[in-house]
Each structure stands twice: as structure tokens, then as C-alpha cells.
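One-letter residues, chain by chain:
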Amino acid sequence: MQAEKVADYITKWLKDYLGPSHSKGFVVGVSGGIDSALVSTLCARTGAPTLVIEMPIHQSSAEVQRSQAHINWLTSKFPNVTGAKVDLTEAFETFQKTVKSNEINEVNSYSDVAFANMRSRLRMVNLYYFASLKGYLVAGTGNKVEDFGVGFFTKYGDGGVDISPIADLLKSEVRAVADVLGVSQEIIKAPPTDGLFGDTRTDEDQIGASYDELEWAMNHLDLSQEQQGGVTFTDRQKKVLEIYNQRHAANLHKMVEIPRCIIPLELKAKQA
Ligand SMILES: NC(=O)CC[C@H](N)C(=O)O
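Residues take numbers from 1 onward in each chain, read along the sequence in its written order. The predicted nature of this model means local features are confined to residues of pLDDT at least 70 and side-chain atom pairs, given and counted, to a pLDDT of 80 or more, with totals for whole chains, interfaces and linings taken over all residues. Hydrogens and water are ignored here; the side-chain numbers use all heavy atoms of the structure.

**Quick notes on the packing of helix 1 (residues 3–18) against helix 7 (residues 171–180)**
- Note on geometry: axes are lines fitted to C-alpha atoms, helical ones only across the stretch in contact, with angles between N-to-C directions running from 0 to 180 degrees. Here a strand is any run of E in DSSP of at least two residues, a helix any run of H or I of at least four, and the numbering for each starts at the N terminus. Put simply, helix 1 and helix 7 touch, their axes get as near as 9 Å, and they point 85° apart. In terms of orientation, helix 1 lies roughly perpendicular with respect to helix 7. Mapping the contact onto sequence places A3, E4, V6 and A7 in helix 1 and A176, V177 and V180 in helix 7.
- Looking at side-chain class alone, the contact of helix 1 with helix 7 contains six nonpolar, no polar and one charged residues. Should an angle fall under 35 degrees it is taken as roughly parallel, and over 145 as roughly antiparallel, whereas 65 to 115 is taken as roughly perpendicular and any remaining angle as oblique. Every residue pair with non-hydrogen atoms within 4.5 Å of one another is taken to be in contact. We call Asp, Glu, Lys and Arg charged. Ala, Val, Leu, Ile, Met, Phe, Trp, Tyr, Cys and Pro are nonpolar, and the rest, Gly among them, are polar.

Right, here's the structure in full:
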């Protein structure tokens with residue numbers, strides 16, 4: 001991949017989209033991870049006002065330190081960037097207490113994920129608050145493997161955005177573009193994590209496969225039936241394909257349009 005050219009292509013795409021959009025700039029949430037570091041840098045490069053917000057909720061000190069260092073780097077390099085921190089810990093705890101106190105609340109194996117995704121959704125609410133206030137667009141940080149491969153994102157959380165600049169980049173491509181733009185090696189090398197559980201678990205711990213493996217599966221399944229045929233897999237590759245296919249199927253609802261119930265015309269017509 002020609003990383004510099006891809007970086008310029010996306011930067012121009014963002015500018016071209018912003019022009020007629022009736023919006024004045026971009027807002028991006030940064031986590032200390034590579035996807036949000038890249039998107040915030042791409043938005044900064046447009047020259048348009050860009051608000052970059054870190055939104056800790058019981059975050060690990062490594063994540064906080066990386067996001068602060070990234071915001072400092074961006075604001076020193078790009079005069080159009082404003083950095084901010086909105087600590088959502090208290091909002092999250094209040095929300096958590098509110099739902100827990102309801103009698104229909106139950107504790108089961110999904111409770112942890114429900115609360116993890118609540119963190120992501122609170123961040124979306126915060127980003128849209130500032131987007132409305134300033135007339136900005138919310139720039140999404142999902143990459144192709146997360147968004148269209150395994151569906152590893154929160155519907156209406158990190159998936160609730162106005163534009164998706166890196167949704168066609170595989171994780172290795174995200175790394176390559178981030179690298180040419182000067183994103184810190186600390187961020188590029190950090191183990192990917194959604195950071196939604198208040199501990200140090202990585203995405204690989206949650207998914208059971210690394211992004212390189214998932215990317216391999218996505219590329220393999222992209223091949224035509226003919227090209228796919230005749231390949232013998234190692235046991236690990238079989239396992240990775242199984243993980244990929246299972247996640248893709250379970251999360252397909254995040255990748256398609258919301259199903260609408262279309263009423264047949266004869267039912268809409270007045271009764272004869
Ligand atoms: N980035 C995220 O939001 C993590 C994924 C989310 N926990 C899921 O349900 O798939």
C-alpha cells in the first residue's frame with residue numbers, strides 16, 4: 001500500500017465531505033489507541049477546526065498517558081486542533097447505579113458486556129453534545145476488520161458516527177498510514193484494546209484471535225471460491241476462520257441497514 005498517498009486521499013476525502021456538509025469541523029474521541037490516533041491526525045491535516053476529546057472512564061494509566069501525549073503532539077503541530085478532556089466516570093457510575101436499581105435488572109453473563117457497551121455509548125452522547133454545540137461532524141474510528149469483519153464495535157457507541165474515514169483500512173494498513181503520519185511508536189505498538197472493562201484485557205483476549213489473524217481470515221474469505229479452493233489449513237487457521245465466521249454472523253445486524261417494516265400498498269390504500 002502507498003501509505004502517504006492513502007493518507008492524502010483520506011485527508012482530501014474529509015475536506016471534500018466537510019465543504020458542502022453545512023458543518024464547520026470535526027470532533028474525534030481519542031483513547032490512546034492507534035485507530036483514534038490516526039483519525040484525529042487525518043482530521044487535523046484537513047486544516048479545519050478539529051476538537052479532539054479524551055473521555056476516561058476508569059481508564060488505565062497507560063491509555064491516559066498515551067492519549068494525553070497524542071493530544072499534546074497534535075495541538076503543538078496543528079493550530080486548528082483543540083484538545084479537551086471530559087471525564088465520564090461519574091456519569092457512567094450514576095447511569096450504572098440507575099439501571100442496577102431497577103427491578104428488571106438481572107445479573108447474567110452479558111452484564112459485563114452491557115456495561116462495557118454503555119461506556120462506549122456514553123462517549124457517543126458526549127461527542128454529539130460537542131458536535132451540536134460547535135456545528136462539527138463526529139468522525140468515526142472503526143477500521144475494516146472491526147466494522148465489516150468481526151463487528152467488534154458498539155452499535156450506537158463507537159459505531160454512532162457521521163463519517164467513517166478509515167473504515168476501508170485493514171489493521172495493518174491503519175498501522176502503515178499512522179506510521180507515515182508520525183503517530184508515536186508507543187501508540188502504534190500498543191496491544192489493541194477497547195478499554196471498556198476498567199482492566200487491562202486486550203481485544204485479542206476477548207476475541208481469541210489477533211487482528212493479524214482476523215485480517216488473514218477476512219482476506220482469505222474475500223477471495224473467489226476458485227481461489228479459496230484447494231488450500232489446506234493449519235489447526236490454528238481453522239480455529240481463526242471459525243472465530244471470524246461466528247463473530248461476523250452474530251454481528252451482521254451491526255453492518256446492515258436497520259430493517260424497516262414496509263407496509264404493502266394495498267393495506268395503505270383506503271378500504272374499498
Ligand atoms: N469496541 C467495542 O465497543 C467493543 C465491542 C463490543 N463489546 C461488542 O459487543 O462487540
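**Topic: the site of the ligand**
- Taken together, the residues surrounding the ligand are V113, N117, F152, F153, T154, D158, D194, L196 and K254.
- Separating a nitrogen atom of the ligand from a side-chain N or O atom of D158 is a distance of 3.2 Å.
- In the complex, 88% of the free accessible area of the ligand, which totals 300 Å², lies under the protein chains.
- Here the residues of the shell around the ligand are counted per class, giving four nonpolar, two polar and three charged. One heavy atom within 4 Å of a molecule or strand makes the whole residue count as near it. The definition of a polar contact used here is a pair of N or O atoms within 3.5 Å, where within protein one atom must be able to donate a hydrogen and the other to accept one, and adjacent residues in sequence count solely through side-chain atom pairs. Surface accessibility follows the Shrake-Rupley procedure with a 1.4 Å probe radius. Residue values consider only the protein chains on display as shielding.

**Focus on the pairing of strand 2 (residues 50–54)**
- Exposed residues in this analysis have more than 50% of their type's maximum accessible area, buried residues have under 20%, and partly exposed residues fall in between, with area computed by a 1.4 Å probe over protein chains only. In terms of burial, strand 2 is a largely internal element, five of the five residues being buried.
- A two-sided burial pattern is seen for strand 2, the buried positions comprising T50, V52 and E54 on one face and L51 and I53 on the other.
- Here, strands pair whenever DSSP counts at least two bridges between them. In the sheet, strand 1 (residues 25–30) pairs with strand 2 via five bridges, with the strands oriented parallel. Paired with G29 across the two strands is I53, which belongs to strand 2.
- This β-α-β element, strand 1 to helix 2 (residues 34–45) to strand 2, shows right-handed connectivity.
- Pairing of strand 2 with strand 3 (residues 81–85), which is carried by five bridges, proceeds in the parallel orientation. By the bridge assignment, V52 is partnered in strand 3 with G83.
- In the classification by handedness, the crossover that spans strand 2, the intervening helix 3 (residues 61–77) and the parallel strand 3 is right-handed. A crossover gets the label right-handed when its path from the first strand over the helix to the second runs clockwise, viewed with the strands pointing away from the viewer.

That is the geometry; function is a separate question.
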